[in-house]
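Summary of the model geometry
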Amino acid sequence: MNTTIVHFDLDTFFVSCERLLDSRLNNKPVIVGGTGDRGVVSAASYETRGYGVHSGMPMKMARQLCPNAIYIRGNAGTYTKFSKQVTEILQNEVPVLEKASVDEFYADLTGMDRFFGCYKFASELRNKIIKEAGLPISFGLSVNKTVSKVATNEAKPNNQLKIDTGYEKAFLAPLSIKKIPMVGEKTYRTFCNMGIKNVQTVQQMPVEMMTSVFGKNGRVIWQRANGIDHTPIVEYHERKSISSERTYGQDTINVTTLKTTITAMAENLAFQLRRGGKLTSCVTVKIRYSDFQTYSKQLKIPYTSADHHLIPVVMGLFENLFSRRLLIRLVGVRYSGLTTGTYQINLFDDEKKTVNLYKAMDTIRIRYGDRSIMRAATIGDGARTIGNFTNPFNGEPPIVLAHRTQ
């Protein structure tokens, strides 16, 4: 029996989320990503494509190509919330779901044609996501993951496409070889140097020629160009870690700035844990110096999601790690070993008022944004550009929580 795989992709996901929150952005060129000179475009609306802007492009170049666009730093917490909403809709409807990324999903619908058409079912599911989540989404339906993904990209924006069994090669043949998954810029340039630009030419080539040029990846590319892909659906499971990183616009050795940054990261990630009903048992701190040498340290801890337990651990790891006294390019914090649970009172040093304080803080953050209330220690140059803070208080400064963490 032939398999039936559907690939869902939320169109310009970050931009769509921002437009859902602010309708004034509709039909305007919008670019989401790091706003500094070293920033990278995370998502670009279709209105910017005519200027040559695309995801992964340096933000500095995007500003030169499309200076009139609206530039937004973005908020990972907001996008995670919308992604989780779509994930829950799909999990409740499909038998097997793979979450390939924050905005991309595969589902195995094999055998469902016995009860109702797979294409009809996928169409109804797409309409349900659009109605309940308010986000545009496209899908491709075929016998395997590769063809379905390519079909989705051809269906965009906000549309759907079915490739009937037996027509995979015919569908792929006229397309650019660059549209085959696994073919990046470097591989594409190699194909161009060989005089190959479309999939049909690869379909006509002997597989031995592909392997002689590209090695074992050549066989995989040849198979995918011919519509052959036996990659299974990897069933979605809850994530086991969360992390945050900051690349500075200019390398720094300012210890105050560095500590402000990682404190803000530790606090924000702790909030993400509590909002998701998670506890962490392992904390990792990472430093990348200006010479691109990267170091990290981690520590196992009792399960917790409390700021006043996690921040001292993060600071201690940083103190032990920061020994070279060179300029620092990047810092990062990661919580791993996650498990489902809620904050537990420590018998020795926690009080009920501490738990109530966290509940009140989190309520404000959920309603007004994760940077609407913060510790005084996180107010500074190192924290100004962490996350996307939209002030709900009409221009007033955020609430500052002065709280001892030691």
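Residues numbered from 1 in each chain as written. Predicted model: local features only at pLDDT ≥ 70, side-chain atom pairs only at ≥ 80, totals over all residues. Heavy atoms only, no water.

Attention shifts here to the sheet that holds strand S4 (residues 70-72). In spatial order, the strands read S3-S2-S4; together these 3 strands make up an open sheet with mixed pairing. Each having just a single partner strand, strand S3 (41-44) and S4 make up the two edges of the open sheet. Direction aside, neighbouring strands of the sheet carry axes that sit 25 degrees apart on average. Here strand S2 (residues 30-33) pairs with S3 via 3 bridges, running antiparallel. Looking at S3, one finds that Gly 33 is bridged to Val 41. Along the sheet, helix H1 (residues 13-21) makes contact with S2, S3 and S4, crossing S2 at roughly 110 degrees. (Pairing = 2+ DSSP bridges. Helix = DSSP H or I, 4+ residues; strand = E, 2+ residues; numbered from the N terminus. Axes fitted to C-alpha atoms, helices over the stretch in contact; angles between N-to-C directions. Contact = heavy atoms within 4.5 Å.)

We now examine the packing of H1 against helix H3 (residues 76-93). Packing of H1 against H3 brings their axes to within 10 Å, and their N-to-C directions diverge by 95 degrees. Considering their axes alone, H1 and H3 lie roughly perpendicular with respect to each other. Residue-level contacts link Phe 13, Phe 14, Cys 17, Glu 18, Leu 20 and Leu 21 of H1 to Thr 78, Tyr 79, Phe 82 and Ser 83 of H3. Residue composition of the contact of H1 with H3, grouped by class: 7 nonpolar, 2 polar and 1 charged. (Parallel < 35°, antiparallel > 145°, perpendicular 65-115°, else oblique. Nonpolar A, V, L, I, M, F, W, Y, C, P; charged D, E, K, R; others polar.)

A word on unusual backbone geometry. Peptide bonds are mostly trans, and most non-glycine residues show a negative phi. Put simply, Lys 156 and Pro 157 share a cis peptide bond, and its omega is 0 degrees. Relative to the assigned elements, Pro 157 resides in the loop between helix H5 (145-155) and strand S8 (160-162). Non-glycine residue Thr 12 carries a positive phi angle of around 35 degrees. When you line up the elements, Thr 12 lands in the loop between strand S1 (5-10) and H1. You will see that Asn 158, though not glycine, has its phi angle at about 50 degrees, which is positive. Structurally, Asn 158 can be placed in the loop between H5 and S8.

This paragraph deals with the confidence of the model for the chain. Overall, the predicted model of the chain reaches an average pLDDT of 84, with 83% of residues at or above 70. Note on residues 344-351: pLDDT under 50 across the span, and 8 contacts to partners over four residues away in sequence or across chains. (pLDDT = per-residue confidence, 0-100.)

A separate point is the pairing of strand S7 (residues 137-142). Across the 6 residues that make up S7, a large majority, 6, are buried. Burial along S7 is two-sided: Ile 137, Phe 139 and Leu 141 facing one way and Ser 138, Gly 140 and Ser 142 facing the other are all buried. In the sheet, S1 pairs with S7 via 6 bridges, with the strands oriented antiparallel. Note on S7: the bridge partner recorded for Ile 5 is Ser 142. Strand direction decides the pairing type here: S7 and S8, joined by 3 bridges, are parallel. (Buried < 20%, exposed > 50% of the residue type's maximum accessible area, 1.4 Å probe, protein only.)

Take the environment of Met 209 next. Summarising the element assignment, Met 209 is placed in helix H9 (residues 207-214). With 10 residues separating them in the primary sequence, Met 209 and Arg 219 have C-alpha atoms 9.2 Å apart.

If you trace the 5 strands from one edge of the open sheet to the other, you get S5-S6-S1-S7-S8, paired in mixed fashion. Bordering the open sheet on either side are strand S5 (96-101) and S8, each of which pairs with just one other strand. Ignoring which end each strand starts from, the neighbouring axes of this sheet average 15 degrees apart. Sheet analysis places S5 next to strand S6 (residues 104-108), joined by 5 bridges and oriented antiparallel.

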